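Next come the chains, spelled out residue by residue.
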Amino acid sequence: MFLIYCPHCEEHREEEEFHAKGQAHIARPLDPDNCTDEEWAQFLYFRDNPRGLHHELWVHASGCRKFFNITRDTQSYEIKETYKVGEQPGVTAAKSA
Amino acid sequence: MTSSNHVQPNRLQNGGRIDRSQPVTFEYNNKTYPGFVGDTLASAMLANGIDVVGRSFKYSRPRGIIAAGADEPNAVLQLGATEATQVPNVRATQQELFHGLVAKSTNGWPSTDNDLMSYVGKVGGRMMPPGFYYKTFMYPQSLWDTYEGFIRKAAGLGRSPVENDPDIYDQINHHCDVMVVGAGPAGLSAALAAARTGARVILADEQAEFGGMLLHSDELIDGQPAQQWVSRVVGELVGLENVTLLPRSTVNGYHDHNFLTIHERRTDHLGDLAPKGQVRQRMHRVRAAWVVLASGAIERPLVYANNDVPGCMLASAVSTYIKRYAVVPGNQLVLMTTNDQGYQAALDWHDAGRKVVAIVDTRAEPTGACVLEAQRRGIELIKGSAVIEAKGSKRVNGVSVAAINASGERVTGNIRSLFCDTLASAGGWSPAVHLSCHTGSRPEWREDVQAFVPGKTVQKQLTAGAINGSYRLSACLEEGVRQGVLAAANAGFGQQSDDIVEIPSVDGEVEQTAPMALFHVPHTKPTSRAPKQFVDYQTDVTAAGIELATREGFESIEHVKRYTAMGFGTDQGKLGNINGMAIAAKSMNKSIPETGTTIFRPNYTPITFGAIAGRNCGELFDPKRYSAMHRWHVENGAKFEDVGQWKRPWYFPKPGESMQDALNRECLATRESVGILDASTLGKIDIQGKDAREFLGRVYTNAWAKLGVGKCRYGLMCGEDGMVFDDGVTACLAENHFVMTTTTGGAARVLEWLELYHQTEWPELEVYFNTVTDQWSTLTISGPNSRKLLSELTDDIDLSGDNFKFMDWREGTVAGVPARVFRISFTGELSFEVNVQSNYGMQVWEKVFEAGKKYNLTPYGTETMHILRAEKGFIIAGQDTDGSVTPMDLGMGWCVANNKPFSYIGKRGMAREDCVKPNRKQLVGLKTKDPQKVIPEGSQAVADPNQPIPMTMLGHVTSSYYSACLGHSIAMGFVRGGLDKMGESVYYPQADGSVIEAEICSPIFLDPKGERQNV
């Protein structure tokens, strides 16, 4: 079970308080009506499944109800950082490679 | 024989850590035996000369106690004096004895001593190769249930109680700086070193007493017997406030981010039931800054022919029974060893006054100090040889010894027979790397100690002692101190230096000479022809079976494991895994590191469901949510149904009424006069902010720009894929203030959905959300007399049709209480939803009933609500939708606004090629040919009921009821292209072979023009 630092509450809390919401930084296309079906399907369904660093969206569901991002190693389950929505990750696969 | 005064034939007159002043009796397989407090069930059974404790899983061979701890594969018993206190899967070696303990063996039918299945084992040994169950019971599939029952009965690894457990279990959360696992020499020194820095330390050990192997050791620490050193250290730890000591506590799981689960058996040693008011077991959930694993090592048995005959034991277990429990588990011992430590069992046996027939050392020229000790006692030493086969069936009665070559691969000499009743084997040690494996760390092979040790760590974890392959006591103590200091320093306590705790000295420690690597004792016959050489006792995996698996092409050790079932028992193969991997490696001409090891997973030892559940059972299993009017519902005989966590009235039967009677009455009363529903459970979300209206327009499919203050509107909510996921009515309270209702079950999900889009996509919108579900009670008053009734309860709301139109809401007082009244309708009748503060709910409800008597005001529940709305063709999100239907599929295109400036959620999704193609499954009404026949919900629609199976399925029924108002059944369901098939027939084949024919029609069965609600 993870121990997660909520960047809004500024505390480590147990995983039970959070919900995982999938891959982070999936921006909704600004002009959906002009997306092709293929582009919309990419936005809807296609997600990375990396072995290693992954940026994930989480929500502090039974805490502050805020969404935030986690950079997590999918092999060791180590959480490298947590950061607010709108911010960019400090730890990336490119940087650590 | 069954008297409690019965002599314990294997009990020594003196010694041991048992309490001879507290004799107790226990029952095993319906016979009573004596023992002492301080015994384990296993030591007491051995003291009484009980040889057979179970039957093996596959071959049903008689099995005896092999080990003295968590590694025991055979003595897995059923405990419990009553049905309610049954506990399966208890290792006799870990169960402390108490007066009145009742235990039974679990394998064996009709009995452990006389087992029918053993004839399969004897006659058909070769009939049950690895993969036997896969190969034999695959076909025909229809017989699997029969096979499974047979296999389970034959396997019989205990049974669950069928009565409720009367004991209390609980859970506790801890945080600590240093968690030390294992209280042997390494763990005790680590805990003491860490504790002296002031760090918060938890020390857990699975045994009743701390000390580990020191409890039966003859060694001296700091010039004193080891047991005195243990007492001194434990004494200091007990006095420290920053230390929590957990004996009888198995660290069962080592999870992510240094989270450990510990299973503490608090009162299992006191009786069949916990003493009144005490907890039986407790699960500790520990979040540790640093962890020191000092979990020790497990001795490996040697693999020789018939090595499972009762009387074959681990050498270290023999020593433990003699020294700690004063039990010598036999009379004449033969010891086979590959190493110096193994000798101790023979020395202890001799010193206990019983006969050591011989020590068989597999090494050609053993030279250790232990050899001199054996010679000093006059014990015969047979060098360069091995016991290649044990004799006997229910007890060892002799062994065959032969010389082997230096690499241990073949027999080189003649066979010599020895008579004995006990054969101890010492094949070296396997570090208990289990917890380290739980973290994802892969163990590494170390050639010098012939064992897997923890590999690269992935957690904040240190290791000390035998888990590292450090078997000398002095090394264990030193590593313990160093790692304890380091762990504390890493957690921010103390200086990382040695002077905080002196490293204890060990006097007269003898050098150990090199062990021999021997994982499979050769036989004169090839492995496949020799008597069975067991590797994993609990799953009956033999050396021949592993070799066969590799010959059949299973090359990965993980595949060999699954094919043979090695390590699949409740002991996870603690004894056999390393031998099995070595045998597989050799069979494939690979090295052990090349072959690798399988990974252990939580839990280390089986854990009771009670401890997992803790207090989360019975009434506390899941929270229950009640509306403010719940007491009234109970008093008025409501039947309840669960909707999420809510308890909602389902229907209100009167005495003598069937459910259908009650539904008919409730429906008719509502349509003819007035009914009332407690709708408080609907999700309610308060939405405020200057951009609230814009936000609604983006999350709902329909238009919100022009909804005026005082008005309500129904909305459909879709996902980005264009599929409906929730619906409800939203009211405009003020220009910047709305209240949204959601389905009862969808409330939390919808709120999270709104927050998700606000926080991640449109943070620039100024809008705020909060749940107000619990703040409001909602009374839905519905029916032609609802206006008259409500007018008696309010004098400040004009209820007239002209001034309070359909889809308006008004603020005022109802029954003297501030209220919001919404004129909306889920029944199709004139209908008012009265919302009052929750704490007024009951009062208003009762006032409404006082006034409603003369109108025959009738309470109705969720089932009548479902029927009434289905008569009107209103959907229920989650019942008539399943995440795969668009608004158009529901025939609700009227609720989709395609001219909104913002591309709302769902718009692009429902415009995808597949979503707009014709002939999708569409929601239609269904009228059965036989008007009394109600189609079961979920029934599949077909065009031709005579088509051979598999038939072409066109859709399914989502809602189906008998409508008393209409006098016939009604249903809604999906039919492919259904909106274009009005009037056509569709068929619903049933499981019983019958077929229900229905005509496709509009889902609006009643009042299609909506005249009833617009009065």
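Here the structure is a predicted model, which is why all the values come from computation and not from measurement.

## So, the overall build of chain B
Helices and strands together make up the secondary structure of chain B, namely 24 helices and 50 strands. Going through the 1015 residues of chain B one by one, you find that 53% of them count as buried. Restricting the contact set of chain B to residue pairs at least 6 apart, pairs at least 24 apart contribute 67%.

## Structural notes on the overall build of chain A
Scanning chain A from N- to C-terminus turns up two helices and six strands. Reading chain A from its N terminus to its C terminus gives the helix and strand order β-β-β-α-β-β-β-α. Taken along the three principal axes of its C-alpha coordinates, chain A extends 40 × 35 × 20 Å. Here chain A holds 97 residues, and 19% of them are scored as buried. Here the contacts in chain A between residues at least 6 apart in sequence split such that 48% fall between residues at least 24 apart.

## Things to note about the UniProt feature "domain: Aminomethyltransferase C-terminal" (unreviewed entry) in chain B
UniProt records the feature "domain: Aminomethyltransferase C-terminal" (unreviewed entry) for residues 921–1007 of chain B in the present numbering. Helix makes up 0% of residues 921–1007 of chain B and strand 49%. Its end C-alpha atoms lie 25 Å apart.

## Remarks on helix α11 (residues 473–490) of chain B
Taking 1.5 Å of rise per residue, 18 residues should cover 26 Å, and α11(B) covers 25 Å from first to last C-alpha, within 8% of that figure. Positive phi appears at B:G492, one or two residues downstream of α11(B), with a value of about 95°.

## Brief notes about unusual backbone geometry
Most peptide bonds take the trans form, and the phi angle of most residues other than glycine is negative. Residues and elements named next belong to chain B. Going from P602 to N603, the amide bond is cis rather than trans, its omega being 5°. That bond from I949 to P950 is cis: its omega, 0°, falls within 30 degrees of zero. For P950, the position within the fold is in the loop between β46 (940–942) and β47 (953–963). The backbone of A326 shows a phi angle near 55°, a positive value even though the residue is not glycine. Checked against the element boundaries, A326 lands in the loop between α7 (315–325) and β18 (332–337).

## Remarks on the sheet that holds strand β3 (residues 19–23) of chain A
All names here are of chain A. Pairing in this open sheet of four strands is antiparallel, and the strands run β3-β4-β5-β6 from one edge to the other. Each edge of the sheet is formed by a strand with only one pairing partner; in this case those strands are β3 and β6 (79–84). On average, adjacent strands in this sheet sit at an angle of 30° to one another, irrespective of strand direction. One ladder, built from three bridges, connects β3 with strand β4 (residues 53–59); its direction is antiparallel. Paired with H19 across the strands is V59, a residue of β4.

## Here's the deal with the pairing of strand β9 (residues 201–204) of chain B
All names here are of chain B. A two-sided burial pattern is seen for β9, the buried positions comprising V201 and L203 on one face and I202 and A204 on the other. Taken together, the four bridges between strand β8 (residues 168–181) and β9 define a ladder with parallel strand orientation. Pairing of V180 across the sheet is with L203, part of β9. Bridge count between β9 and strand β12 (residues 243–246): four bridges; the pairing is parallel. Bridging from a neighbouring strand, A204 pairs with L246 of β12.

## Quick notes on the sheet that holds strand β29 (residues 506–507) of chain B
The pairing of strands in a sheet happens through backbone hydrogen bonds and is either parallel or antiparallel. Residues and elements named next belong to chain B. Spatially, three strands are ordered β11-β10-β29 in an open sheet, and the strand pairing comes out antiparallel. Of all strands in the sheet, those with a lone pairing partner are β11 (224–225) and β29, marking the two edges. Pairing geometry for strand β10 (residues 220–221) and β11, over two bridges, is antiparallel. Within β11, the position partnered with I221 by the bridge is Q224.

## Some words on the interface of chain A and chain B
Between chain A and chain B, the contact holds 18 residues from the first and 20 residues from the second. Considering each element in turn, the side of chain A that touches chain B owes the most residues, three residues, to helix α1 (residues 37–45) of chain A.

## Here's the deal with the packing of helix α5 (residues 185–195) of chain B against helix α6 (residues 226–238) of chain B
All names here are of chain B. Axis separation between α5 and α6 bottoms out at 10 Å; the angle between their running directions is 35°. Our pair here, α5 against α6, has a crossing hand that is left-handed. Facing L188, A191, L192 and A195 of α5, the residues of α6 in contact are V230, V233, E236 and L237. Residue composition of the contact of α5 with α6, grouped by class: seven nonpolar, no polar and one charged.

## Some words on the environment of B:M45
Residue and element names in this part refer to chain B. Following the sequence through the fold, M45 ends up in helix α1 (residues 41–47). Residue M45 is classed as buried on the basis of its C-beta count, with 28 C-beta atoms lying within 10 Å. Along the sequence, M45 and Q8 sit 37 residues apart, while their C-alpha atoms lie 9.2 Å from each other. Setting aside residues up to four positions removed in sequence, M45 forms contacts with Y28, I50, V53, I65 and A92.

## Describing the pairing of strand β41 (residues 809–814) of chain B
Residue and element names in this part refer to chain B. Judged from the six bridges that link them, β41 and strand β42 (residues 817–822) form a sheet pairing that is antiparallel. Its bridge partner lying in β42, W809 is registered against F822. Connecting the antiparallel pair β41 and β42 is a turn made up of two residues, with A815 showing a positive phi of about 55°.

## Points about the UniProt feature "domain: SoxA A3" (unreviewed entry) in chain B
The sites that carry the UniProt feature "domain: SoxA A3" (unreviewed entry) are, in the present numbering, residues 531–615 of chain B. Strand forms 6% of residues 531–615 of chain B and helix 44%; the C-alpha atoms that close the span are 50 Å apart.

## What to know about the packing of α7(B) against helix α8 (residues 343–351) of chain B
Residue and element names in this part refer to chain B. Relative to each other, α7 and α8 sit at 30°, their axes nearing to 8 Å. Taken together, the axis directions place α7 and α8 in an arrangement best described as roughly parallel. Seen from above, α7 lies across α8 with left-handed handedness. Two secondary-structure elements touch here, α7 through A315, S316, V318, S319, I322 and K323 and α8 through Q344, A345, D348 and W349. Taken together, the residues of the contact of α7 with α8 sort by class into five nonpolar, three polar and two charged.

## Some remarks on helix α12 (residues 543–551) of chain B
Residues and elements named next belong to chain B. The buried fraction of α12 is high, at seven of nine residues. Within α12, the full set of buried residues consists of A543, A544, G545, I546, E547, A549 and T550. In this structure, the buried residues of α12 make contact with β30 (534–536), β31 (541–542), α13 (557–564) and α14 (577–587). Positioned one or two residues after α12, G553 has a phi angle of 105°, which is positive.

## Comments concerning the environment of B:I905
Residue and element names in this part refer to chain B. Along the chain, I905 turns up in the loop between α23 (862–871) and α24 (913–916). Each C-alpha atom of the pair I905 and E720 lies 5.3 Å from the other, and the pair is 185 residues apart in sequence. Beyond its immediate stretch of four places on either side in the chain, I905 contacts R698, V699, C718 and E720.

Procedures and definitions
- Throughout, a residue's number is its position along its own chain's written sequence, starting from 1.
- Chain letters start at A and ligand numbers start at 1, both assigned in the order the entries are written.
- Predicted model: local features are reported for residues with pLDDT of at least 70 only, side-chain atom pairs are reported and counted for 80 or more only, and whole-chain, interface and lining totals are derived from all residues.
- Secondary structure counts use DSSP, requiring at least four H or I residues in a row for a helix and at least two E residues in a row for a strand, with both numbered from the N terminus.
- Exposure is read from a count of other C-beta atoms within 10 Å of each residue's own; the residue is exposed at 12 or fewer, buried at 20 or more and partly exposed in between. C-beta atoms are placed from the backbone.
- What counts as a contact here is a pair of residues whose C-beta atoms, placed from the backbone, lie within 7 Å.
- UniProt positions are given in the numbering used here, feature names are shortened, and annotations may be inferred rather than shown by experiment.
- Here, expected helix span is obtained from the residue count minus one, scaled by 1.5 Å.
- Pairing between strands requires that DSSP locate at least two bridges from one strand to the other.
- A fitted line through C-alpha atoms represents every axis, and for helices the fit uses only the stretch in contact; the resulting angles, taken between N-to-C directions, go from 0 to 180 degrees.
- Left-handed describes a crossing whose near helix is turned anticlockwise from the far helix through less than a right angle; right-handed describes the clockwise counterpart.
- Basically, the charged four are Asp, Glu, Lys and Arg, the nonpolar ten are Ala, Val, Leu, Ile, Met, Phe, Trp, Tyr, Cys and Pro, and anything else, Gly included, counts as polar.
- The scheme is simple: roughly parallel for angles under 35 degrees, roughly antiparallel for over 145, roughly perpendicular for 65 to 115, oblique for anything else.

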